[in-house]
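# Structural overview for review
The chain contents come next:
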Amino acid sequence: MTRTPFAATLAAFALMGSGCGHGSDPSTIVASGHMEATDVRISTKVAGRLESFALQEGDAIERGQELGRLDTTDTRLALRQAKADRDQATAELRLRLAGARKEDIAELEAQAANVASDLDGAQKDLDRMQGLLDRGSGTTKARDDAKVRRDMTAHRLDAARQSLARTKAGSRAEEIDAARARMASAEARIAQLEQQIQDAVIVSPVAGVATEKIAEQGELLQVGSALSVITDLADAWLTVYVSETDLGRIRIGQEAFVRTDEKEPQIRKGKVTFIASKAEFTPKNVQTRDERVKLVFRVKIGLDNKDGLFKPGMPAEARLQAATASR
């Protein structure tokens, strides 16, 4: 007669249990515990008001599924300002790289020429005043006034020529580097704000079940505020505790049969994935008070739970065929 996989598993579980009596069968290790699964705490990467969040506890969640959104009005306004700053910085850099226009240079050259002409006239006035003073028909004050005018005009010419030279030379390398830095800073600010807008859409990094809803729509959240807990049921295991005597008869990768404590129990095969190397007192939620004072070792039994059969906190029992000592 052909057996179904479930029937075969049930028969194996029953066979391991037969002959145990009150747990005296030395070839079978029986341990009780509770189911556990990986919990992923979903938190915000940016601050803001929770604009939408329709998730409810018990909802099935797909990887990459949108869970909610934060309001981004202020961030989008800041982005517009940042783009305007970027445009201004870009225009300034282009202006510095392009250098002065020919018309600007021609205008400064004309101004310098005019001042040079004024200087020539001022020098002639000074020479004339000095000649009159030398002949006794002029005054010292008139000669000094002409000298002041000549000197002031000479300073004006020097300033005009320096301005012309700077204009022809264009921006210094340091000024161009500073303009580039301002543009790069504006670009970085834009990228930062665009990332904040993207992060305002909250998506689930894993598939699972929403086991806890922490925030509500309309709340003002800070960076890192928790929104919900998504439990990855596919990554489930049974945690049991065994005595030191049984510890030596259990191996990593050893097969185990797990049975739920229900009226219609579910049975599934699993494998030992973890064996603690340090003893601890039995947790309060596992055994009676007399059992809690015993030192035991924690053992994890991994299960294929893609169908979500086993739920976190569900009590279950594991039976393992004791491993023989290796020679």
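Preceding block: the structure.
Quick summary incoming for the structure in this document. (Residues numbered from 1 in each chain as written. Predicted model: local features only at pLDDT ≥ 70, side-chain atom pairs only at ≥ 80, totals over all residues. Heavy atoms only, no water.)

### Quick word on the overall build of the protein
Our working rule: Secondary structure elements follow DSSP: runs of H or I no shorter than four residues count as helices, runs of E no shorter than two count as strands, and numbering proceeds from the N terminus. Whether a residue is buried, partly exposed or exposed follows from its accessible area with a 1.4 Å probe, protein chains only, as a fraction of its type maximum: under 20%, in between, or over 50%, in that order. Residue contacts follow a heavy-atom distance rule, with two residues in contact if any of their heavy atoms lie within 4.5 Å. Note on areas: Shrake-Rupley with a 1.4 Å probe; residue coverage comes only from the protein chains shown.
Scanning the protein from terminus to terminus reveals 7 helices and 13 strands. Residues counted as buried form 34% of the 327 residues belonging to the protein. In the protein, once contacts between residues fewer than 6 apart in sequence are set aside, the share between residues at least 24 apart is 77%. Of the roughly 20200 Å² that the protein leaves accessible, carbon and sulfur atoms contribute 51%.

### Brief notes about the nonpolar core
The following threshold applies: Put simply, buried Ala, Val, Leu, Ile, Met, Phe, Trp, Tyr and Cys residues joined by side-chain atoms within 4.5 Å make one nonpolar core.
Formed by 21 residues in total, the largest nonpolar core has its most connected members in L238, V242, V258, I301 and L320. For this core, the secondary-structure elements that each account for two or more residues are β1 (28–43), β8 (226–242), β9 (255–260), β12 (295–304) and β13 (315–321). The leading source of residues in this core is β12, at 4 residues. Non-local contacts of I301, meaning those with residues more than four positions away in its chain, are made with W237, L238, V240, A256, V258, G270, K271, V272, T273, A318 and L320. Membership of the second largest hydrophobic core comes to 17 residues, among which are V40, L55, A210 and L221.

### Here we look at the pairing of strand β6 (residues 208–213)
Heads up, the rule is: A pair of strands counts as paired when DSSP detects no fewer than two bridges linking them.
Inspection of the sheet shows strand β3 (residues 60–61) paired to β6 by 2 bridges, in the antiparallel sense. Bridge assignment links A60 to a residue of β6, and that residue is V209. Two strands pair when backbone bridges link them, and β6 and β8 are joined in this way by 4 bridges, in the antiparallel orientation. Within β8, the position partnered with E212 by the bridge is V229.

### Structural notes on the side chain of T153
Heads up, the condition is: For this analysis, a polar contact is any N or O atom pair within 3.5 Å, provided that within protein one partner can donate a hydrogen and the other can accept it, and provided that sequence-adjacent residues contribute only side-chain to side-chain pairs.
Looking at where T153 falls in the secondary structure, it is placed in helix α4 (residues 140–169). A polar contact of 2.7 Å, which involves the side chain of T153, links it to the backbone oxygen of R149. Contacts of T153, omitting those with residues within four sequence positions, involve V115, D118, L119 and A122.

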